[in-house]
Structures are given as structure tokens and as C-alpha cells.
Amino acid sequence: QVQLVESGGGLVQAGGSLRLSCAASGRTFSTYVMGWFRQAPGKEREFVAIGSSGGSTTYANFVKGRFTISRDNAKNTVYLQMNSLKPEDTAVYYCAAGPGLRVGASAYEYWGQGTQVTVSS
């Protein structure tokens, strides 16, 4: 069992930056692939970025060059550094833990409660 708690969301102007954190419980954190997803009002949840404990990462095209996923296995924490934010990045951001490098939300077993990111124009 893994419990995930996100933090770091908030209101930021377009062009600004935020860093999201996701703290995980459990001693098996390093065995999971960690992902960030987001869901805007009226839209489906979509993949943002994923990262394995070995350092492999995958990003959605719309965040490449702007967002960076990283993880600290010693702290059981995964981060999402978001730069050059745009109003269309406004959404609830969720972290998730799963067994493999998959971009589909259904592949992830454990989810946090989400943190709101709002980007004003």
C-alpha cells in the first residue's frame, strides 16, 4: 500500500514557476514508477510526466522543455518543476504510483488527492 500527498500548488501569473511535491508513504517507493497527471474542469485526466527510480523519464509534448520530473528516493518524494507556465496549464495536478512506464492513467494503482494549479493571464 502506498499513500501519496501532493503539495505546492497555487496561483501564479503566466510565465511563472511552481514546484509540486508528492510525498509517499511505504518502504517500496523506489520500486514504483511515479507519474504526474492533471485534470482541468470538463476535461479528462491527462498524462503530464513520469519517472522511474532508474532515471528514465517521459513527458507529454505540451510540457517538454518547461516541466521537469525528479525524485528523491531517500525522501520518498517526487517533484514536478513547472516553468514558463501558461493559462492552459490550469488544472488539478495528481501524482500517481504504478509498476511500469505507462502514460495511461489506468496503469497507476495509487493516487494522491490532487493539488490545484491556477495560472492567470
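Please read all numbers here as calculations on a predicted model, not as lab measurements.

Enquirer: So what's going on with the side chain of Asn76? Which residues, and what values?
Expert: Within the element layout of this structure, Asn76 appears in the loop between β7 (67–72) and β8 (77–82). Look at Asn76 and you get buried, because its relative accessible area is 18%. The contact partners of Asn76, leaving out residues within four places of it in the chain, are Cys22, Ala23, Ala24, Ser25, Gly26 and Phe29.

Enquirer: Go over the side chain of Glu6, please, and point to the residues and values.
Expert: In this structure, Glu6 sits in strand β1 (residues 4–7). An unpaired buried charge is present at Glu6: no salt bridge exists, and Arg45, the closest side chain of opposite charge, is 7.5 Å distant. Of note is the side chain of Glu6, whose polar atom sits 2.8 Å from the backbone nitrogen of Cys95. Reaching out from Glu6, the side chain makes a polar contact with the backbone nitrogen of Gln113 at a distance of 3.0 Å. The contacts of Glu6, once residues within four sequence positions are left out, are Ser21, Cys22, Trp36, Tyr93, Tyr94, Cys95, Gly112, Gln113, Gly114 and Thr115.

Enquirer: So, the state of the cysteines: which residues are in play, and what are the values?
Expert: All told, the structure shown has one disulfide when counted by the stated rule. Each disulfide pairs two cysteine sulfurs, and for Cys22 the partner residue is Cys95, the sulfurs being separated by 1.9 Å. Of note, the bridge from Cys22 to Cys95 carries an S-S torsion of about 45° and is right-handed in sense. On the criterion of sequence distance, the pair formed by Cys22 in strand β3 (residues 18–24) and Cys95 in strand β9 (residues 91–98) is long-range, its members being 73 residues apart. Judged on exposure class, the residue Cys22 and its partner Cys95 are both buried.

Parameters at a glance
Residues numbered from 1 in each chain as written. Predicted model: local features only at pLDDT ≥ 70, side-chain atom pairs only at ≥ 80, totals over all residues. Heavy atoms only, no water. Helix = DSSP H or I, 4+ residues; strand = E, 2+ residues; numbered from the N terminus. Buried < 20%, exposed > 50% of the residue type's maximum accessible area, 1.4 Å probe, protein only. Contact = heavy atoms within 4.5 Å. Lys, Arg positive; Asp, Glu negative; His and termini not counted. Salt bridge = Lys/Arg side-chain N within 4 Å of Asp/Glu carboxyl O. Polar contact = N/O pair within 3.5 Å; in protein donor to acceptor, adjacent residues only side chain to side chain. Disulfide = S-S within 2.5 Å.

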